[in-house]
Amino acid sequence: KKVLSQPIIEPQFDDLIRPGHPLAGKANATILSLVQNQDISSIISTIEQLEDKFNNKFGYPYTFMNDAEFSDTFKKEILALLPKERIVHFVKIRPDDWNKPASIDNVKYIEAVDKLASEDVQYVKKVSYHNMCRFYSSKFYHQEALTYYKYAWRIEPDVNFYCNIDYDMFQFMEMHDKIYGFTLNLYDSPQSVRSLWNDTLEFVKENPQYLNRDGAYEWLKENVQNPENYNITGGYSTCHFWTNFEINNLDFLRSEPYEKYMDFLEKKGGFYYERWGDAPVRSLALGLFADKSKIHWFRDVAYHHFPYTNCPSSPPGSNRCDKKCIPGKFSPYDNLYVQNCMATWLKYGMTDEESKM
Ligand code: GDP
Ligand code: MN
């Protein structure tokens, strides 16, 4: 796995689909963002960078989702930003796919939230944040607008893309049979997922046939940095793909193991009685049910969502990246480096084949 220490600007394959190739921009894919009207200027900032670095060469459609109706101003400003032939969907989420379900006991919910707030779990008092985590775990790919797409690349307001990408990442995933693409790997606050691991093990015990022998089980287990987390999670490392950047092969999410797992978690209620994030949920599903060789680290993609960055090193003389991209710099805050769990992914998740990508 020596290759990892070398500068990389893209996967080492000669079948990459370049701009101008007949297959360029032709994957069955959309860029996806859940966003609010008030975040228009922040999402524009993201889109401008993504277009500049990648998508103006490929022309992939956008899908915007919102629990409220998108305003005319929002739609107009987005459309003004993009070439007029570009496909853009604006989706109003069905209330049942967004709001706290009636099955959640409100008294229990309020008590749980108060307790977690006293433990400093971020956002726990905002019901919309719980809604968002549940939505991005399962409800998003059930929206009609995504029915016919196979891949969705999630973006958020105010993230940054620092380096040029000169090949079609969706076609790369298609040709190499990848079901998930990520850039950053982090530990989570253990209090937010107190019973997720034990609930998940219960699901696996009921459905042992879903367990993938080539999964990344150890990655879900090992946390040398913060061993005290085990006392809280009962054995989950809290390592997860940071889902604010993710490219999902939606067929994996639509598969029986994932769908059944979501039904099971929904019944447990932990999106509300705790503050299960979509990131640990997705990561547990991928680590347990997916073949790890189908999970791709886009290490060549320079991505920033405050306060973390994935910035690759480029060969000397390359001008593919903005100056803001400082190779290896994970965070501006030294004390946050302990949040990085890429090392355990490299140890347990990454296959030899993948290390060349
Ligand atoms: P953080 O990254 O965990 O701090 O959470 P964010 O505030 O960035 O939210 C994650 C994503 O969900 C972003 O794309 C937000 O735009 C979106 N989001 C969060 N809350 C809401 C909401 O109430 N309504 C809508 N439409 N989008 C939301
Ligand atoms: Mn965010």
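Note that this is a predicted model, so its numbers are computed, not measured.

*Asks:* What exactly am I supposed to notice about unusual backbone geometry here?
*Replies:* Note on backbone geometry: most residues besides glycine have negative phi, and most peptide bonds are trans. Between Phe-306 and the following residue, Pro-307, the backbone shows a cis peptide bond with an omega angle of -5 degrees. Note that Pro-307 resides in the loop between strand S11 (303-305) and strand S12 (308-310). In this structure, Asp-158 takes a positive phi of about 60 degrees despite not being glycine. On the secondary structure map, Asp-158 appears in the loop between strand S4 (151-154) and strand S5 (160-161). Positioned with a positive phi, Asp-177 is a non-glycine residue whose angle comes to about 60 degrees. Among the structural elements, Asp-177 can be located in the loop between helix H6 (169-175) and strand S6 (180-182). Assessed through the 11 C-beta atoms surrounding it within 10 Å, Asp-177 is described here as exposed.

*Asks:* Looking at this structure, I do not really get the confidence of the model for the protein. What am I missing?
*Replies:* Interpreting fine coordinate detail is not advised for predicted regions of low pLDDT. Averaged over all residues, the pLDDT of the protein is 96; the fraction at 70 or higher stands at 99%. Looking at the elements of the protein, mean pLDDT is at its lowest for helix H15 (residues 352-355), recorded as 86, and at its highest for S4, recorded as 99. The ipTM for the predicted assembly is 0.99, set against a pTM of 0.97.

*Asks:* Any chance you could explain the sheet that holds strand S10 (residues 295-297) here in plain terms?
*Replies:* The strands making up a sheet are joined through hydrogen bonds of the backbone, oriented either antiparallel or parallel. A sheet is described by the order of its strands in space; here seven strands give the open sequence S3-S2-S1-S4-S9-S6-S10, paired in mixed fashion. Only two strands of the sheet have a single partner each, and these edge strands are strand S3 (88-92) and S10. Across the sheet, the mean angle separating the axes of adjacent strands is 20 degrees when strand polarity is ignored. Across four bridges, the pairing between strand S1 (residues 29-34) and strand S2 (residues 62-66) is parallel. Bridged to Leu-34 within S2 is Met-65.

*Asks:* How should the site of ligand 1 be read in this particular structure?
*Replies:* Taken together, Ser-33, Leu-34, Val-35, Gln-36, Asp-39, Asn-66, Asp-67, Ser-128, Met-132, Glu-156, Pro-157 and Asn-244 are the residues near ligand 1. Mapped onto the shell around ligand 1, the elements with two or more residues apiece are S1 and helix H5 (127-137). Per-class residue counts for the shell around ligand 1 are four nonpolar, five polar and three charged.

*Asks:* I tried to follow the pairing of S1 on my own but got confused; where do I start?
*Replies:* Successive residues of a regular strand alternate their side chains across the two faces of the sheet. Within S1, six of the six residues are buried, leaving the element largely enclosed by the surrounding structure. Sheet analysis places S1 next to S4, joined by four bridges and oriented parallel. What sits directly across from Thr-30, in S4, is Ala-152. Handedness of the crossover joining S1 and S2 through helix H1 (residues 40-53): right-handed.

*Asks:* Quick question: what am I supposed to make of the nonpolar core here?
*Replies:* Looking at soluble globular proteins, one finds that nonpolar side chains tend to be buried together. The biggest cluster of nonpolar side chains holds 85 residues, and the ones touching the most others in it are Tyr-151, Trp-153, Met-169, Ala-285 and Ala-302. Top contributing element to this core by residue count: helix H13 (residues 278-289), with seven residues. Sequence-distant contacts of Met-169, that is, excluding residues within four places in its chain, are made with Gly-181, Ile-247 and Phe-298.

*Asks:* I tried to follow the sheet that holds S11 on my own but got confused; where do I start?
*Replies:* Pairing is antiparallel across the open sheet formed by three strands, whose spatial order is S5-S11-S12. Each edge of the sheet is formed by a strand with only one pairing partner; in this case those strands are S5 and S12.

*Asks:* I would appreciate a short explanation of the packing of helix H11 (residues 256-268) against H13 in the present structure.
*Replies:* For any two helices packed against each other, the geometry comes down to the angle between their axes and how far apart the axes lie. Following both chains from N to C, one finds H11 and H13 inclined at 135 degrees, their axes separated by 11 Å at the closest point. Between H11 and H13, the interaxial angle falls into the category oblique. Between H11 and H13 lies a crossing whose hand is right-handed. Each of Pro-257, Tyr-258, Tyr-261 and Leu-265 in H11 lies in contact with H13, whose residues at this interface are Val-281, Ala-285 and Phe-289. The residue inventory of the contact of H11 with H13, partitioned by class, reads seven nonpolar, no polar and no charged.

Conventions used here
- Residues numbered from 1 in each chain as written.
- Chains lettered and ligands numbered in written order.
- Predicted model: local features only at pLDDT ≥ 70, side-chain atom pairs only at ≥ 80, totals over all residues.
- Helix = DSSP H or I, 4+ residues; strand = E, 2+ residues; numbered from the N terminus.
- Buried ≥ 20, exposed ≤ 12 C-beta atoms within 10 Å, placed from the backbone.
- pLDDT = per-residue confidence, 0-100.
- Pairing = 2+ DSSP bridges.
- Axes fitted to C-alpha atoms, helices over the stretch in contact; angles between N-to-C directions.
- Near = placed C-beta within 6 Å.
- Nonpolar A, V, L, I, M, F, W, Y, C, P; charged D, E, K, R; others polar.
- Right-handed = clockwise from strand over helix to strand, strands pointing away.
- Core = buried A, V, L, I, M, F, W, Y, C linked by C-beta atoms within 7 Å.
- Contact = placed C-beta atoms within 7 Å.
- Parallel < 35°, antiparallel > 145°, perpendicular 65-115°, else oblique.
- Left-handed = near helix turned anticlockwise from the far one by under 90°.

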